[in-house]
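For reference, the chains in residue letters:
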Amino acid sequence: MKTSTSPAANLTGSVDQRLWQLSATPKSAQTAVWLRRQLDSALEAWAKDRTALDIDREGRADF
């Protein structure tokens, strides 16, 4: 897994890993475009996890 804090690098990994990478990235390198890309990536990962949980829950529902 990448742990680069270069402004061109995207945050990766778990929530805790992403938070650490964000805190290690200099504020001057956190442009609006870069931050938006990170937000989009985090929301996309969250949506995928949520979908997987919903599918699992539906498979366990009693009909």
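Just above sits the structure.
Residues numbered from 1 in each chain as written. Predicted model: local features only at pLDDT ≥ 70, side-chain atom pairs only at ≥ 80, totals over all residues. Heavy atoms only, no water.

Moving on to the overall build of the protein. Within the protein one finds 2 helices and 0 strands. Taken across its 63 residues, the protein has 14% of its residues classed as buried. Look at the contacts in the protein between residues 6 or more apart in sequence, and 32% of them connect residues 24 or more apart. Carbon and sulfur atoms make up 60% of the accessible area of the protein, which totals about 5100 Å². (Helix = DSSP H or I, 4+ residues; strand = E, 2+ residues; numbered from the N terminus. Buried < 20%, exposed > 50% of the residue type's maximum accessible area, 1.4 Å probe, protein only. Contact = heavy atoms within 4.5 Å. Areas by Shrake-Rupley, 256 points an atom, 1.4 Å probe, with all protein chains shown as cover.)

This part is about a nonpolar patch on the surface. A cluster of nonpolar side chains, contributed by L39, L43 and W46, occupies part of the molecular surface with about 340 Å² of accessible area. If you trace the backbone, L43 turns up in helix α2 (residues 32-60). For L43, a relative accessible area of 40% gives the class partly exposed. (Patch = residues over 30% accessible without salt bridge, like charges linked within 9 Å, V, L, I, M, F, W, Y side chains within 5 Å. Salt bridge = Lys/Arg side-chain N within 4 Å of Asp/Glu carboxyl O.)

A few words on the side chain of R18. With respect to the element layout, R18 can be found in helix α1 (residues 15-24). One buried charged residue, R18, forms no salt bridge at all, with the nearest opposite charge on D49 at 8.3 Å. A distance of 3.5 Å separates polar atoms of two side chains, one belonging to R18 and the other to S41. Not counting the four nearest positions on each side in its chain, R18 is found in contact with L11, T12, G13, Q38, S41, A42 and A45. (Lys, Arg positive; Asp, Glu negative; His and termini not counted. Polar contact = N/O pair within 3.5 Å; in protein donor to acceptor, adjacent residues only side chain to side chain.)

Before going further, it helps to examine the environment of T12. Within the secondary structure, T12 sits in the segment before α1. Overall, T12 belongs to the partly exposed group, its relative accessible area being 22%. Separated by 26 residues in sequence, T12 and Q38 have C-alpha atoms that sit 9.1 Å apart.

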